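# Descriptive structure summary
Here are the chains, one letter per residue:
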Amino acid sequence: MSITVDTNVLVYASDTGSEIGAAAHELVERLARGPELLFVFWPALMGFVRIATQPAVNDDPLTPAEALASIASLVDRPHVRAPGEAPGFLRVYESTAPRATRGKQVPDAHIAALMRQHGVRTIYTRDRDFRRFDGIRAEDPFGAR
C-alpha cells in the first residue's frame, strides 16, 4: 500500500509547537521511515514552500532556504518517492478532474491525477475536496481534533 500527504499536512508538520503540528510531524516521520512507500507529489511540496514561507499566513514563516531544506530532507529518504508527471498525464488528468474544475480546485485535481497515475489510492489531508475524485480515499489523520 502506498500513501501520500497533502500540502496542509506538510505545513502542519513544520509547526511542531502546536498539538496538531506535533501530530503531523510524527505522522510524516513515521510514514517516511517505511516500510511502505510514501509518495510526495511536487504540487504538494511546492504548495508547502508557498504557504510555509508566506508572512501573511504564518507568524514565524520559514525562509525559502529552510523550506527547501525541509523538502530535501524528506525526499532524500529511502522510502519516499517524489515522482512527476509520466507520459499520458494529461489524459489521466482529464479523466480525473470533473469538467468544471478551475481555480483553486486545479492543484487538488493535479495531485489526484498524479495519485492515479502512480497507483496511490490514499491521501492524508484535512481537505474534504479530495473526496470528489473517484478512486481516491481522503483521510483526515487528525480526526476530530
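To be clear, the structure that these remarks concern was listed above.
What you are looking at is a predicted structure, and each value in this text was computed from that prediction instead of being measured.

Now for the sheet that holds strand β3 (residues 80-81). With parallel pairing, the five strands of this open sheet are ordered in space as β3-β2-β1-β4-β5. For this open sheet the edge positions go to β3 and β5 (137-139), each flanked by a neighbour on one side alone. Relative to strand β4 (residues 122-124), strand β1 (residues 3-5) runs parallel, the two sharing three bridges. Counterpart to I3 in the pairing with β4 is T122.

Applying the stated rule across the entire model yields four aromatic pairs. With a centroid separation of 5.9 Å and 90° between ring planes, the pair formed by Y12 and F142 is classed as edge-to-face. Of the two residues, Y12 is situated in helix α1 (residues 7-13) and F142 in the segment after β5; the sequence distance between them amounts to 130 residues. What makes Y12 partly exposed here is its relative accessible area of 28%. With a centroid separation of 6.3 Å and an interplanar angle of 40°, the aromatic rings of F89 and Y93 are classed as tilted. Of this pair, F89 and Y93 are both found in helix α5 (residues 89-96), four residues apart, which corresponds to roughly one turn of the helix.

Conventions adopted
- Residues numbered from 1 in each chain as written.
- Predicted model: local features only at pLDDT ≥ 70, side-chain atom pairs only at ≥ 80, totals over all residues.
- Heavy atoms only, no water.
- Pairing = 2+ DSSP bridges.
- Helix = DSSP H or I, 4+ residues; strand = E, 2+ residues; numbered from the N terminus.
- Phe/Tyr/Trp six-rings, centres within 6.5 Å; stacked < 30°, edge-to-face > 60°.
- Buried < 20%, exposed > 50% of the residue type's maximum accessible area, 1.4 Å probe, protein only.

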